[in-house]
Amino acid sequence: PYSSPAHSGMGFTKYPKIPLSTKDMPDLPAGAEWIVTEKLHGANFSVACDADGKVEFAKRSGPLPLEEDFYSFRSQRLDRRLQEPARRVRALAVRCGLAASGDSVCVFGELVGGHYPHPDVNPVPGLQPVQRGVWYSPDLRFIGFDLAVTPHHQPPRYTDFDAAASCCEAAGFLFAAVLARGTLPHCLESPIRFSSRLPARLGLPSLEDDNLAEGVVVRTAREGLPLRTLLKRKIDEFGETRYSSPNWAAAKSGGARAASGPHDLLRYEAMARVTESRFEAVESKTGRLDAADKVACRKVLEDLKEDVRLALVEDGVASSEAALAEALSQELCDELDRACRGLIRSVVGRRARQERSAR
């Protein structure tokens, strides 16, 4: 179970990171109904409206000031298109009893799109994709997946999924579609390897390749449990941990060619988490990286290294952040820095070449 941060009043609290399994969820609700939705490959984004009708936008890492054109959402006028749906969803939430008259309402979701490689679909001039690897739409789209209500000076509360979907869709938002519904075992058996369903929802023609979805999110249909319960399941292509050898997973457990000691084990585990998928996830929290912006490059580098360190703790490689800090030698810290720098240079350089060839 995870706590439920949201816009507090019209302030900001980060949307929770979704875990990959139920191993840290000791109090799974017995008899609860669960649902499965497609996990979209984009950037976390939210739209909040207060009792005065003021609308604000935020990325995962914080509110978006008027001068910040996060993935071109302002220059593409998505901010203008979302203003009225945001006000309508709040009015509907109050009318349906989901919110009180003085409450703020926030729709959390994913910002996706920017490219759709089909010969019959015209590109949007100058627009770059939010993420690569799954193609959704030539223009930018916001797809909601959660509705949070924040009473004045109180913690936010999330709305049951079906009520949130009904309210958001009636207000004009696109909202996550349910792929499966039932018990937790039933939902965990739901396939995670399938072509993304979103292009068809948007009326776009199918692509020649499979256009595989990133994976799924499995969650309880009802909120009101002491803490939120949800997890994500990704296909291997979007995994944020990649071992250099297929035998390494066995080696780290003592099989195959086992590591020679704890330092080697930690090194291999750290390097396995320096992946393009992890970089893209980190980058999506702040916006597309401009290689000429040295301050932004430094921040993404530090954020990527921190994400690797947190993953080592979350995945059980280290028992705590304090234990990890003690185990990380200066040599390993330097190697992690070099690996992260190299990955960032490689990805940004490849993008620049792709953009030049597309002109």
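Scope of this entry: the structure provided in the associated data block. (Residues numbered from 1 in each chain as written. Predicted model: local features only at pLDDT ≥ 70, side-chain atom pairs only at ≥ 80, totals over all residues. Heavy atoms only, no water.)

### Some remarks on the overall build of the chain
Link 1 in the chain: Assigned secondary structure in the chain consists of 10 helices and 11 strands.
Link 2 in the chain: Counting every position in the chain, which comprises 359 residues, the buried fraction comes to 48%.
Link 3 in the chain: In the chain, the proportion of contacts linking residues at least 24 apart, taken out of those at least 6 apart, comes to 71%.
Link 4 in the chain: In the form shown here, the chain has an accessible surface area of approximately 17,500 Å², with 51% of it arising from carbon and sulfur atoms. (Helix = DSSP H or I, 4+ residues; strand = E, 2+ residues; numbered from the N terminus. Buried < 20%, exposed > 50% of the residue type's maximum accessible area, 1.4 Å probe, protein only. Contact = heavy atoms within 4.5 Å. Areas by Shrake-Rupley, 256 points an atom, 1.4 Å probe, with all protein chains shown as cover.)

### Digging into the environment of valine 36
Link 1 in the chain: Along the chain, the position of valine 36 falls in strand 1 (residues 34-39).
Link 2 in the chain: For valine 36, a relative accessible area of 0% gives the class buried.
Link 3 in the chain: Excluding anything up to four places from it in sequence, valine 36 contacts Ala177, Val178, Leu179, Ala180, Cys187, Ser190, Val216, Val217 and Val218.

### Observations concerning the packing of helix 1 (residues 78-95) against helix 2 (residues 161-171)
Link 1 in the chain: Where helix 1 contacts helix 2, the two axes come as close as 8 Å, and the packing angle between them is 135°. Between helix 1 and helix 2, the crossing angle belongs to the class labelled oblique. Our pair here, helix 1 against helix 2, has a crossing hand that is right-handed. Where helix 1 approaches helix 2, its residues Pro85, Arg88, Val89, Leu92 and Ala93 are matched on the opposing element by Cys167, Cys168, Ala170 and Ala171.
Link 2 in the chain: Per-class residue counts for the contact of helix 1 with helix 2 are 8 nonpolar, no polar and 1 charged. (Axes fitted to C-alpha atoms, helices over the stretch in contact; angles between N-to-C directions. Parallel < 35°, antiparallel > 145°, perpendicular 65-115°, else oblique. Left-handed = near helix turned anticlockwise from the far one by under 90°. Nonpolar A, V, L, I, M, F, W, Y, C, P; charged D, E, K, R; others polar.)

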